[in-house]
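Chain residues, written in single-letter form:
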Amino acid sequence: MDVWILGSAQAVAVKAADLCTELIQRKPDARLGLATGTTPQALYAELIRRNQRGRLSFSRVETFNLDEYLGIGPEHPRSFHRAMRESLFDLVDIDPSNAHLPAGDCDDPATEAEAYEALIGARGGIDLQILGIGRNGHIGFNEPGSSLGSRTRVKTLSRATLRDNQLGEPDFEAPSMAITMGIATILDAGALLVLATGAAKAPAVAAALEGPLSASCPASAIQLHPRATVLLDPEAAAQLRLTEYYALVDRARRRLAADSS
Ligand code: PGA
């Protein structure tokens, strides 16, 4: 794991945007795995800025979102389809037919989940998967207890997630389940880009990066990925124990960059 402790949440967004930009400039038809939620919003704002300044094009990029609530359609105000359109897709030059999310309003969720998993494979897999971390350690909607070998499927949302996503108590109005990429699906990506900002994420970040590999903390599965970059602000990094080592690595990285420039 390549752990970066940056100066601020904005620095996390800029560094994440740099990594996405490098990939898309090297591979204009890159396949990006995307996440919803609060954490990637500053990254998306930065990507939009770069796109609008003509520095970055999404015209050939294909995207696959991690998850969608079950039982609501793409126009629903709480749907991830809508959130992604409003925070990224409508504001850049992506071809909407290249922006994929599972259909929350499908008739047969198990079949939809299998089809989504198959689509990712058929398109050649995800080059770079962006991930947030839930306060309970989830990635996608892989709640604590999710199999580390899981594939895209239906998951019941935990009470912690319902609270964090302001969905209130499960009822007939609010979604209580989702279709999510599985942990093994996420680990299939060529590289992971994990973002966490703010003090509320500090315990989950420490468990994910330095705790045991465990289904109890699905984000700990990123330890298995040989190409995982983790970008943190100081608040999210506050409970890490290996900070001295991460700082050493950072110094070595800067030395190498200076030598090669
Ligand atoms: P957040 O969610 O970015 O809204 O904190 C992260 C997640 O639930 O994965």
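Up top is the structure.
Residues numbered from 1 in each chain as written. Predicted model: local features only at pLDDT ≥ 70, side-chain atom pairs only at ≥ 80, totals over all residues. Heavy atoms only, no water.

Quick look at the overall build of the chain
Logical step 1: What the chain contains, in helices and strands, is eight helices and 10 strands.
Logical step 2: Once the C-alpha set of the chain is aligned to its principal axes, its extents read approximately 55 × 40 × 30 Å.
Logical step 3: For the chain, long-range pairs separated by at least 24 residues make up 77% of all intrachain contacts whose partners lie at least 6 apart in sequence.
Logical step 4: Across the chain, 26 positive and 32 negative side-chain charges occur, with their mean positions spaced 7 Å apart. (Helix = DSSP H or I, 4+ residues; strand = E, 2+ residues; numbered from the N terminus. Contact = heavy atoms within 4.5 Å. Lys, Arg positive; Asp, Glu negative; His and termini not counted. Charge placed at Lys NZ, Arg CZ, Asp CG, Glu CD.)

Looking at the packing of aromatic side chains
Logical step 1: For the coordinates displayed, the defined rule picks out four aromatic pairs.
Logical step 2: Centre to centre, the rings of Phe80 and Phe141 are 5.8 Å apart; their planes meet at 15 degrees, and the pair counts as stacked. Of this pair, Phe80 sits in helix H3 (residues 80-87) while Phe141 is found in the loop between strand E6 (128-131) and strand E7 (153-156), placing the two residues 61 residues apart along the sequence.
Logical step 3: When its relative accessible area of 2% is taken as the criterion, Phe141 is described as buried.
Logical step 4: The ring of Trp4 has Arg253 sitting right over it, with the charged end atom 3.6 Å from the ring centre. (Phe/Tyr/Trp six-rings, centres within 6.5 Å; stacked < 30°, edge-to-face > 60°. Buried < 20%, exposed > 50% of the residue type's maximum accessible area, 1.4 Å probe, protein only. Lys NZ or Arg CZ within 6 Å of the ring centre and 35° of its normal.)

Notes on helix H1 (residues 9-26)
Logical step 1: The end-to-end C-alpha distance of H1 is 26 Å, a good match for the 26 Å that 18 residues give at a rise of 1.5 Å each.
Logical step 2: Among all positions of H1, only Val12, Ala13, Lys15, Ala16, Ala17, Cys20, Thr21, Leu23 and Ile24 are buried.
Logical step 3: Tucked into the core, H1 has its buried residues touching strand E1 (2-5), strand E2 (31-34), helix H2 (41-52), E6, strand E9 (191-196) and strand E10 (228-232). (Expected span 1.5 Å × (residues − 1).)

What about the nonpolar core?
Side chains of a nonpolar character, in soluble globular proteins, are inclined to be buried together.
Logical step 1: Counting residues in each nonpolar core, the largest one holds 40 residues, and the members touching the most others are Leu43, Leu47, Phe58 and Leu88.
Logical step 2: Mapped by element, the contributors of at least two residues to this core are H1, E2, H2, H3, E6 and E9.
Logical step 3: At six residues, the largest contribution of residues to this core is made by H1.
Logical step 4: With residues near it in sequence (within four places) discarded, Leu88 still touches Leu34, Tyr44, Leu47 and Ile48.
Logical step 5: The next biggest cluster of nonpolar side chains, apart from the first, holds 31 residues, and it includes Ile133, Val194, Ala219 and Ala236. (Core = buried A, V, L, I, M, F, W, Y, C linked by side-chain atoms within 4.5 Å.)

Focus: the sheet that holds E2
Logical step 1: An order of E1-E10-E9-E6-E2-E3-E5 is seen for the seven strands of this open sheet, with the pairing classed as parallel. Here the strands that pair on one side only, and so sit at the sheet edges, are E1 and strand E5 (99-100).
Logical step 2: As defined by bridge partners, E2 adjoins strand E3 (residues 62-65) across four bridges and the pair is classed as parallel. Pairing of Arg31 across the sheet is with Glu62, part of E3. (Pairing = 2+ DSSP bridges.)

Overview of the side chain of Asp67
Logical step 1: For Asp67, the location among the structural elements is in strand E4 (residues 67-69).
Logical step 2: Although Asp67 lies buried, it forms no salt bridge, and the closest oppositely charged side chain, Arg153, sits 9.5 Å away as judged by the N-O distance.
Logical step 3: A polar atom in the side chain of Asp67 sits 3.3 Å from the backbone nitrogen of Phe141.
Logical step 4: What Asp67 contacts, discounting residues up to four positions off in sequence, is Thr36, Phe80, Leu101, Pro102, Gly140, Phe141, Ile179 and Thr180. (Salt bridge = Lys/Arg side-chain N within 4 Å of Asp/Glu carboxyl O. Polar contact = N/O pair within 3.5 Å; in protein donor to acceptor, adjacent residues only side chain to side chain.)

Thoughts on the side chain of Ser79
Logical step 1: With respect to the helices, strands and loops of the structure, Ser79 is situated in the loop between E4 and H3.
Logical step 2: Discounting residues that sit within four places of it in the chain, Ser79 has contacts with Glu68, Ile72, Gly73 and Pro74.

Section: the packing of H1 against H2
Think of two packed helices as two axes; the pair is described by the angle between the axes and how far apart they sit.
Logical step 1: It is at 8 Å that the axes of H1 and H2 come closest, and there the two elements cross at 55 degrees. Between H1 and H2, the interaxial angle falls into the category oblique. With respect to the hand of their crossing, H1 and H2 are arranged in right-handed fashion. Within the contact between the two elements, H1 uses Gln10, Ala13, Val14, Ala16, Ala17, Asp18, Cys20 and Thr21 and H2 uses Ala42, Leu43, Glu46, Leu47, Arg49 and Arg50.
Logical step 2: Considering only residue class, the contact of H1 with H2 consists of eight nonpolar, two polar and four charged. (Axes fitted to C-alpha atoms, helices over the stretch in contact; angles between N-to-C directions. Parallel < 35°, antiparallel > 145°, perpendicular 65-115°, else oblique. Left-handed = near helix turned anticlockwise from the far one by under 90°. Nonpolar A, V, L, I, M, F, W, Y, C, P; charged D, E, K, R; others polar.)

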